[in-house]
Amino acid sequence: MNKQYAAFALATILSSAAQAQGDGWTVFGGVDYLAHEVSITVPVAAPNVPGALGSTRRVDGDGSSIRLRGGLWLNEDFSVELQTSVSSDGLDEPENAEIDSYFGLFISARAQPFEWLDMTFPVGITSIEASVADPEGQPEGQFQRVSAENDGIAYGFQFDVRLGEMLSDPDSIVAGLGLGLGFMVYNSSDNVSVRGYNAGLRFSYDF
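Residues numbered from 1 in each chain as written. Predicted model: local features only at pLDDT ≥ 70, side-chain atom pairs only at ≥ 80, totals over all residues. Heavy atoms only, no water.

**Student:** Help me understand the overall build of the chain in this model?
**Tutor:** Along its length, the chain carries two helices and eight strands. For the chain, the α and β elements follow one another from N to C terminus as α-β-β-β-β-β-β-α-β-β. Restricting to contacts in the chain with at least 6 residues of sequence separation, those with at least 24 account for 63%. Summed over all atoms, the accessible surface of the chain reaches about 11,400 Å², with 58% contributed by carbon and sulfur. (Helix = DSSP H or I, 4+ residues; strand = E, 2+ residues; numbered from the N terminus. Contact = heavy atoms within 4.5 Å. Areas by Shrake-Rupley, 256 points an atom, 1.4 Å probe, with all protein chains shown as cover.)

Right under this line is the structure:
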């Protein structure tokens with residue numbers, strides 16, 4: 001990701017939000033368990049031609065990590081959100097893929113089919129580095145670590161149940177608690193593809 005462009009885009013969004021907000025702000029944060037799938041393209045050496053490359057093949061793996069996200073509602077329908085990944089289980093069986101680093105900047109559109117349900121559809125830019133265990137050509141029980149990184153476009157959907165509002169007084173601080181499920185394509189390019197399902201908690205606060 002072009003970090004200067006991302007910083008400029010975020011500053012522009014927040015500046016516009018500051019001008020539009022007259023009745024206060026609504027901020028939110030969340031933590032999710034992320035079950036991700038990683039696919040990396042690796043070159044295959046051409047037979048009998050030292051140093052030459054032939055075709056390519058895909059190395060696939062599954063893993064899990066912890067995703068953190070936080071953002072600001074610009075109005076009733078749109079929010080800006082930052083995401084990162086802070087933990088991964090590594091390349092140990094039975095998980096053979098991990099996200100080494102991840103940062104994302106998103107704009108999300110919201111629909112509310114029920115008072116207790118938020119449906120959001122984030123679209124944004126990400127910078128991601130991931131690794132997969134590649135056992136091909138290695139002794140039994142061993143693997144080679146294959147890594148790739150890419151900046152690209154990400155998109156997905158998120159369902160958040162307003163659990164706190166259902167279980168407590170609307171003016172209670174607990175009312176901002178939500179329970180969420182979602183899916184996102186974090187990167188989809190020729191050299192690396194990362195996508196995953198997430199489940200976790202969200203907390204929002206008005207001030």
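**Student:** Please explain the pattern of salt bridges as it appears in this structure.
**Tutor:** Pairs can form between side chains of opposite charge once their charged atoms are near each other. All chains considered together, the criterion is met by 14 salt bridges. In this structure, the salt-bridge partner of Glu37 is Arg195, at a minimum N-O distance of 3.0 Å. With Glu37 in strand 1 (residues 26–45) and Arg195 in strand 8 (residues 192–206), the pair connects residues that are 158 residues apart, well separated along the chain. Between Asp118 and Arg202 there is a salt bridge, with the nearest N and O atoms lying 3.1 Å from each other. Of this pair, Asp118 sits in strand 5 (residues 117–134) while Arg202 sits in strand 8, and the two are 84 residues apart along the sequence. Accessibility expressed as a relative area gives 0% for Asp118, which makes it buried. (Salt bridge = Lys/Arg side-chain N within 4 Å of Asp/Glu carboxyl O. Buried < 20%, exposed > 50% of the residue type's maximum accessible area, 1.4 Å probe, protein only.)

**Student:** Would you take a moment to explain the nonpolar core for this structure?
**Tutor:** As a rule of thumb, nonpolar side chains are buried together in soluble globular proteins. Counting residues in hydrophobic clusters, the biggest one holds 19 residues, and the most contacted among them are Val38, Ile40, Tyr102, Tyr186 and Val194. Looking at this core, the elements with two or more residues in it are strand 1, strand 4 (97–114), strand 5, strand 6 (144–161), strand 7 (177–188) and strand 8. In this view, Tyr102 contacts Gln83, Thr84, Ser85, Thr126, Ser127, Ile128, Met184 and Tyr186; residues no more than four positions away in its chain are not counted. (Core = buried A, V, L, I, M, F, W, Y, C linked by side-chain atoms within 4.5 Å.)

**Student:** Help me understand a nonpolar patch on the surface in this model?
**Tutor:** On the surface, Val31, Leu68, Val86, Leu179 and Leu201 cluster together into a nonpolar patch covering about 400 Å² of accessible area. Relative to the elements of secondary structure, Leu179 occurs in strand 7. Owing to a relative accessible area of 44%, Leu179 belongs among the partly exposed residues under this scheme. (Patch = residues over 30% accessible without salt bridge, like charges linked within 9 Å, V, L, I, M, F, W, Y side chains within 5 Å.)

**Student:** I would appreciate a short explanation of the packing of aromatic side chains in the present structure.
**Tutor:** The description of an aromatic ring pair rests on the distance of the ring centres and on the angle between the ring planes. Scanning the entire structure with this criterion turns up six aromatic pairs. For the pair Phe28 and Trp73, a centre-to-centre distance of 5.8 Å together with 45 degrees between the ring planes defines the contact as tilted. With a gap of 45 residues between them, Phe28 in strand 1 and Trp73 in strand 2 (residues 53–73) connect regions that are remote in the sequence. The exposure class of Phe28 is buried, given its relative accessible area of 8%. Geometrically, the ring pair formed by Phe157 and Phe159 is tilted, given 5.6 Å between the ring centres and 40 degrees between the ring planes. Classification of Phe157 as partly exposed rests on a relative accessible area of 35%. With a relative accessible area of 35%, Phe159 lands in the partly exposed category. In textbook terms, an aromatic cluster arises when at least three aromatic residues are bridged by ring pairs, as seen for Phe157, Phe159, Phe183 and Tyr197. Here Arg110 stacks its cationic end above the ring of Trp73, 3.8 Å away from the centre of that ring. (Phe/Tyr/Trp six-rings, centres within 6.5 Å; stacked < 30°, edge-to-face > 60°. Lys NZ or Arg CZ within 6 Å of the ring centre and 35° of its normal.)

**Student:** Please explain the pairing of strand 5 as it appears in this structure.
**Tutor:** Judged by how many residues are buried, strand 5 sits mostly within the fold: 13 of 18 residues are covered. Pairing between strand 4 and strand 5: 15 bridges, direction antiparallel. Its bridge partner being in strand 5, Phe103 is matched across the sheet by Ser127. Here strand 4 folds back onto strand 5, and the loop between the two strands holds two residues. Direction of pairing for strand 5 relative to strand 6: antiparallel, over a ladder of 16 bridges. (Pairing = 2+ DSSP bridges.)

**Student:** Which parts of the structure should I look at to understand the confidence of the model for the chain?
**Tutor:** Interpreting fine coordinate detail is not advised for predicted regions of low pLDDT. Residue-level pLDDT values for the chain average 84, and 80% of them are 70 or greater. Mean pLDDT across the secondary structure elements of the chain bottoms out at helix 1 (residues 3–20), with 56, and peaks at strand 7, with 95. (pLDDT = per-residue confidence, 0-100.)

**Student:** Please clarify how the side chain of Thr126 should be interpreted in this entry.
**Tutor:** Structurally, Thr126 can be placed in strand 5. Within polar-contact distance, the side chain of Thr126 engages the backbone oxygen of Tyr186 at 2.8 Å. (Polar contact = N/O pair within 3.5 Å; in protein donor to acceptor, adjacent residues only side chain to side chain.)

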